[in-house]
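Chain by chain, the residues:
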Amino acid sequence: MKHEIIITAAGHKGTLERLQNEFTALKLWQAPDRDAALKAAAHLRALAHFGHSKVDGKLMDALPKLKIISNFGVGVDQIDLEAAKQRSIIVTNTPDVLNDCVADCAMALVLNTLRKFPQSEGYLRSGFWPTRGPYPLATSIGGKTLGILGLGRIGEAIAKRAQAFGMKIRYHNRNKKSVPYPYDADPVALAKNSDVLLIVTPGGAGTAKLVNAKVLDALGPQGYVVNVARGSVVDELVLLRYLQEKKIAGAGLDVFEHEPKVPAEFYSLDNAVLFPHVASATVETRKAMGDLQVENLHLHFAGKPVKTPV
Ligand code: NDP
């Protein structure tokens, strides 16, 4: 007999197929009456979660037998961890398997933002090259200092890559680590000492608007911001204004505060490179994330310790 689970939202296709093949799955987002569906699911003990919708205390209370929330993704800012803890619900995520792809994307944003490759390609495609001449000079990354805000699993993978590009590394976490990179005591000091401030902390209340006007002032008009963390970590409207007024040199962004909505003013900025949250979006990495999400559910039902508890 297959174990029963509830799935909150549509997600990665291959993983959804596995979840539906290997478990008896209630698809909450397809239920015509959500409250009635939750009532019918009150006996379920496992939930698979995709995307940005909230998994809060209210949802947990509607599922009083819930024992595990298995998230697709390493970021769990959309899950109320305190509420889960109070109810002894295990939360799992998908760390490490995505480090390389997210770090590759971060480096792509660093390169594209300073070198303006997307903008220069747009210049060629617009037919400007023969009439207006060479594309204006950009900024090199070799020798520049990359300040990593959130030197964790992904941050360390980014540091390795950036060093291979000849960049110097510094970092700020709340806790100093034993790594060979200089430590700054707060985000303002890190920004002051960096040419590129790269954000890769978790999202959620603890980091909300951590990168604000003060931090951007410290970064200065020659400085760049790259964000692959969560839109919530940056004061987005302040960032927009600083880009418009050239109070910082540029930004490379994979994440936004109200995804998939992006303030339209960003579209026309020549000093910003914008990605639609693609850092982990490869066939290989998404499969590995899904495999881990499914494995955690199987381990739980087998009465074994889950592989990646938060
Ligand atoms: P880790 O937990 O390994 O690293 C997070 C780091 O952030 C830690 O070093 C932590 O150090 C630091 N940190 C946490 N809170 C703060 C704070 N308030 N101020 C300064 N530093 C802080 O996580 P991962 O590297 O695995 O992932 C990081 C995040 O990247 C995820 O939570 C997710 O939001 C984002 N992400 C985005 C993706 C995308 O598609 N764009 C894909 C994958 C992840 P300390 O605790 O000492 O402060």
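The coordinates are above.
My aim in this report is to walk through the structure given alongside it, one point at a time.

Reading guide: rules and limits
- Residues numbered from 1 in each chain as written.
- Predicted model: local features only at pLDDT ≥ 70, side-chain atom pairs only at ≥ 80, totals over all residues.
- Heavy atoms only, no water.
- Helix = DSSP H or I, 4+ residues; strand = E, 2+ residues; numbered from the N terminus.
- Rg over C-alpha atoms; globule rule 2.2 N^0.38 Å.
- Buried < 20%, exposed > 50% of the residue type's maximum accessible area, 1.4 Å probe, protein only.
- Contact = heavy atoms within 4.5 Å.
- Areas by Shrake-Rupley, 256 points an atom, 1.4 Å probe, with all protein chains shown as cover.
- Lys, Arg positive; Asp, Glu negative; His and termini not counted.
- Charge placed at Lys NZ, Arg CZ, Asp CG, Glu CD.
- Near = heavy atom within 4 Å.
- Polar contact = N/O pair within 3.5 Å; in protein donor to acceptor, adjacent residues only side chain to side chain.
- Expected span 1.5 Å × (residues − 1).
- Core = buried A, V, L, I, M, F, W, Y, C linked by side-chain atoms within 4.5 Å.
- Domains from an automatic or database assignment.
- Pairing = 2+ DSSP bridges.
- Axes fitted to C-alpha atoms, helices over the stretch in contact; angles between N-to-C directions.
- Phe/Tyr/Trp six-rings, centres within 6.5 Å; stacked < 30°, edge-to-face > 60°.
- Lys NZ or Arg CZ within 6 Å of the ring centre and 35° of its normal.

1. Examining the overall build of the protein chain
Piece 1. Along the backbone of the protein chain there are 12 helices and 11 strands.
Piece 2. Taken against the 2.2 N^0.38 rule, which gives 19 Å for 310 residues, the C-alpha radius of gyration of the protein chain at 21 Å falls within 12% of a compact globule.
Piece 3. Referenced to the eigenvectors of the C-alpha coordinate spread, the extents of the protein chain come out at roughly 70 × 45 × 30 Å.
Piece 4. Within the protein chain, buried positions represent 48% of all 310 residues.
Piece 5. Put simply, 59% of the contacts in the protein chain that link residues at least 6 apart link residues at least 24 apart.
Piece 6. As presented, the protein chain carries roughly 15300 Å² of accessible surface, and 55% of it is formed by carbon and sulfur atoms.
Piece 7. Counting 38 positive and 30 negative side-chain charges, the protein chain places the averaged centre of each group 2 Å from the other.

2. Brief notes about the site of the ligand
Piece 1. Residues in close proximity to the ligand total 28 residues, the closest being R153, I154, R174, N175 and D254.
Piece 2. Between the ligand and the protein, one listed contact pairs an oxygen atom with a side-chain N or O atom of N175 at 2.8 Å.
Piece 3. In this structure, an oxygen atom belonging to the ligand sits 3.0 Å away from a side-chain N or O atom of H277.
Piece 4. Summarising the interface, the protein chains cover 87% of the accessible area of the ligand, which totals 920 Å² for the free molecule.

3. What about the environment of G147?
Piece 1. Mapped onto the elements, G147 comes out in strand 6 (residues 145-149).
Piece 2. According to the relative accessible area criterion, G147 is buried, its value standing at 0%.

4. Remarks on unusual backbone geometry
Piece 1. A cis amide bond links E259 to the next residue, P260, at an omega of 0°.
Piece 2. Its identity is not glycine, yet D96 carries a phi of approximately 70°, on the positive side.
Piece 3. With respect to the element layout, D96 can be found in the loop between strand 5 (90-92) and helix 5 (99-115).
Piece 4. Unusually for a residue other than glycine, K116 sits at a positive phi of about 55°.
Piece 5. As for its placement among the helices and strands, K116 is situated in the loop between helix 5 and helix 6 (117-125).

5. Concerning helix 12 (residues 283-301)
Piece 1. Compared with an ideal rise of 1.5 Å per residue, which puts 19 residues at 27 Å, helix 12 spans 27 Å between its outermost C-alpha atoms and is within 8% of the ideal.
Piece 2. Considered for burial, the residues of helix 12 that qualify are T285, M289, G290, L292, Q293, V294, N296, L297, L299, H300 and F301.
Piece 3. The positive-phi residue at the C-terminal boundary of helix 12 is G303, with phi of around 75°.

6. What to know about the nonpolar core
Piece 1. The biggest cluster of nonpolar side chains holds 48 residues, and the ones touching the most others in it are I5, L19, L146, I148, I158 and L198.
Piece 2. No other element matches helix 5, which puts 8 residues into this core.
Piece 3. Of the domains in this structure, domain 1 (4-95 + 284-301) and domain 2 (99-274) are the two that each give at least three residues to this core.
Piece 4. Residue contacts for L198: discarding those within four places in its chain leaves A106, V110, L146, G147, I148, L149, I158, V226 and V228.
Piece 5. Listed in part, the 27 residues of the second largest apolar core include L190, L216, V233 and L269.

7. Comments concerning the sheet that holds strand 10 (residues 250-253)
Piece 1. Here we have 6 strands laid out as an open sheet, ordered 7-6-8-9-10-11, and parallel in their pairing. In this open sheet, the two edge strands, each paired with only one partner strand, are strand 7 (168-172) and strand 11 (272-274). The average angle at which neighbouring strand axes cross in this sheet is 15°, direction not considered.

8. Describing the packing of aromatic side chains
Piece 1. In total, this model carries 6 aromatic pairs according to the counting rule given.
Piece 2. A ring pair is formed by Y123 and F128, whose centres lie 5.6 Å apart and whose planes are at 65°; its orientation type is edge-to-face.
Piece 3. Looking at Y123, the relative accessible area reads 12%, which means it is buried.
Piece 4. You can call F128 partly exposed: its relative accessible area is 28%.
Piece 5. The interplanar angle of 75° and the centroid separation of 5.2 Å between the aromatic rings of Y123 and Y135 together place this pair among those described as edge-to-face. Taken together, the residues Y123 in helix 6 and Y135 in the loop between helix 7 (129-132) and strand 6 connect sequence positions 12 residues apart.
Piece 6. Judged by relative accessible area, which is 23%, Y135 ranks as partly exposed.
Piece 7. An aromatic cluster is built from Y123, F128 and Y135, whose rings are joined through pairwise contacts.
Piece 8. In this structure, R132 is placed above the aromatic ring of F128, and the distance from its NZ or CZ to the ring centre is 3.6 Å.
Piece 9. Across the ring face of Y242, the terminal group of K247 is positioned such that the distance to the ring centre comes to 4.8 Å.

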